[in-house]
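Analysis of the macromolecular model
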Amino acid sequence: MVKRIAILTSGGDAPGMNACIRACVRAGLKNGYEMFGIHNGYRGLINDEIEPLGRHSVSEIINRGGTILGTARLDSFKTLEVQRKAVEILSSHRIDALIGIGGDGTYRGLMALSKLGITTIGLPGTIDNDITSSDYTIGFDTALNTVIQCVDKLRDTSSSHQRCSIIEVMGNHCGDLAAYAGLACGAEMVITTDTPVTKNQVIEFLQQQRRTGKQHAIILISEKITDVHEFAHEIAHKCGFETRAEVLGHMQRGGSPSAFDRCLASRLGVFAIDCISKGVSSACCGIVQNKLTYYNIEDALKLPQSSTVEFVRTSQLIG
Ligand code: F6P
């Protein structure tokens with residue numbers, strides 16, 4: 001029977017991770033577990049950066065961005081040798097369960113540890129919204145609102161100068177941030193990995209917009225598709241539309257979590273403890289059609305990525 005539970009955050013930080021840590025710790029303590037925090041993700045785990053967490057260790061953090069535990073990416077965690085070291089460290093603290101908050105890399109680490117006998121639960125924490133076993137990930141809503149604020153500001157200057165703004169947003173290989181923000185900001189065009197367009201199609205679209213008297217345009221594009229600075233030059237050169245590129249970058253990951261993210265994070269934290277109490281392991285929790293649920297991690301990682309096609313089409317029709 002599980003007695004001691006540790007929590008780590010791993011991969012890119014996301015607003016709401018702290019609210020989730022707080023919920024896990026407080027619900028865990030109330031259910032009679034001893035709770036521990038592992039600093040700096042899997043790297044901290046193999047370096048034995050572990051400390052007990054009490055009720056007050058997680059005071060005043062529900063509203064804070066980032067993660068009080070710190071986070072890291074550790075490529076070598078893919079090797080069995082490093083995974084065994086992690087199990088040794090956990091055993092030396094008599095920790096029998098691990099909650100990992102992060103993205104698919106975090107889930108893979110947990111799956112490996114569960115095969116070595118540790119009870120593991122994954123919670124979706126990433127601004128990318130690319131965990132298919134949950135309709136929403138912790139941090140997505142806050143990042144989306146940050147993107148919207150930035151795009152609204154860029155629209156002011158872009159329309160004043162009769163320019164085109166091409167704005168790159170994060171998301172790794174998932175287009176949700178671009179698709180949702182594009183729709184919410186009334187972008188003229190949204191480009192994601194699953195709604196590809198050629199550069200020539202973009203240029204033709206802008207030329208046609210110009211012919212109909214449009215003086216400015218907002219294009220939202222997911223990261224990892226093209227170099228937006230070079231593309232801005234090409235647009236300006238080929239259609240005479242003065243164009244500026246903006247890469248919103250890491251500011252999208254910061255800030256106080258939205259109400260939605262605080263609630264989602266808190267609900268998932270408590271649900272993770274409930275799962276452990278019921279003997280669930282090697283599972284990842286999520287929210288699907290507004291219900292908390294869990295999947296086997298291995299199955300969850302095989303689920304196909306959700307599509308942005310409907311969002312992008314809707315933007316295109318009304319943008
Ligand atoms: O996964 C979150 C994320 O912010 C992605 O959107 C982005 O591609 C990546 O992390 C950036 O990683 P790093 O912080 O290592 O530059």
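Residues numbered from 1 in each chain as written. Predicted model: local features only at pLDDT ≥ 70, side-chain atom pairs only at ≥ 80, totals over all residues. Heavy atoms only, no water.

**A closer look at the pattern of salt bridges**
When their charged atoms lie close together, side chains carrying opposite charge are able to pair. Scanning all chains against the criterion turns up nine salt bridges. Here Lys199 makes a salt bridge to Glu234, at a shortest N to O gap of 3.8 Å. Taken as a pair, Lys199 in helix α7 (residues 199–211) and Glu234 in helix α8 (residues 228–239) lie far apart in primary sequence, 35 residues in all. Take Lys199: its relative accessible area is 30%, and that puts it in the partly exposed class. (Salt bridge = Lys/Arg side-chain N within 4 Å of Asp/Glu carboxyl O. Helix = DSSP H or I, 4+ residues; strand = E, 2+ residues; numbered from the N terminus. Buried < 20%, exposed > 50% of the residue type's maximum accessible area, 1.4 Å probe, protein only.)

**Details of the pairing of strand β4 (residues 97–102)**
In terms of burial, β4 is a largely internal element, six of the six residues being buried. Here β4 shows no split at all, with Ala97, Ile99 and Ile101 on one side and Leu98, Gly100 and Gly102 on the other all buried. For the crossover from β4 across helix α4 (residues 104–115) to strand β5 (residues 119–124), the handedness is right-handed. (Right-handed = clockwise from strand over helix to strand, strands pointing away.)

**As for the sheet that holds strand β8 (residues 217–222)**
Strand order in this open sheet of four strands is β7-β8-β6-β9, and the pairing throughout is parallel. Here the strands that pair on one side only, and so sit at the sheet edges, are β7 (189–191) and β9 (243–247). When the angles between neighbouring strand axes are averaged without regard to direction, this sheet yields 15°. Summarising the sheet, strand β6 (residues 164–169) and β8 pair through six bridges and their orientation is parallel. Directly across from Val169, in β8, lies its bridge partner Ser222. (Pairing = 2+ DSSP bridges. Axes fitted to C-alpha atoms, helices over the stretch in contact; angles between N-to-C directions.)

**A word on the environment of Lys224**
Structurally, Lys224 can be placed in the loop between β8 and α8. Residues Lys224 and Thr192 lie 32 residues apart in sequence; the distance between their C-alpha atoms is 9.5 Å. If we skip the residues at most four places from it in the chain, Lys224 touches Asn172 and His173. A distance of 2.7 Å separates a polar atom in the side chain of Lys224 from a polar atom in the side chain of Asn172. (Contact = heavy atoms within 4.5 Å. Polar contact = N/O pair within 3.5 Å; in protein donor to acceptor, adjacent residues only side chain to side chain.)

**Remarks on the side chain of Thr243**
Along the chain, the position of Thr243 falls in strand β9. In this structure Thr243 comes out as buried when scored by relative accessible area, which is 7%. A polar atom in the side chain of Thr243 sits 2.7 Å from the backbone oxygen of Phe241. Apart from the residues lying within four places of it in its own chain, the contact partners of Thr243 are Cys164, Ile166, Ala232, Ile235 and Ala236.

**Some words on the site of the ligand**
Residues in close proximity to the ligand include Arg73, Thr126, Asp128, Met170, Gly171, Asn172, Glu223, Lys224, His250 and Arg253, which together make up its full environment. Measuring from an oxygen atom of the ligand, one finds a side-chain N or O atom of Arg73 at 2.9 Å. Side-chain polar atom of Glu223 to an oxygen atom of the ligand: 2.5 Å apart, as the coordinates give it. A class-by-class count of the residues in the shell around the ligand yields one nonpolar, four polar and five charged. (Near = heavy atom within 4 Å. Nonpolar A, V, L, I, M, F, W, Y, C, P; charged D, E, K, R; others polar.)

**Focus: the UniProt feature "binding site: ATP" (unreviewed entry) in the protein chain**
As recorded in UniProt, the sites labelled "binding site: ATP" (unreviewed entry) are Gly12, Arg73, Leu74, Gly103, Asp104, Gly105 and Thr106. What stands out for the annotated residues spanning 95 residues is how close their C-alpha atoms remain, the widest pair being 13.0 Å apart. Within the secondary structure layout, Gly105 lies in helix α4. Assessed through its relative accessible area of 44%, Gly105 is described here as partly exposed. With respect to the helices and strands, the residue Thr106 is situated in helix α4. Apart from residues lying up to four places away in sequence, Thr106 is in contact with Leu8, Ser10, Gly11, Tyr42, Gly100 and Ile101. (UniProt positions renumbered as here; feature names shortened; annotations may be inferred.)

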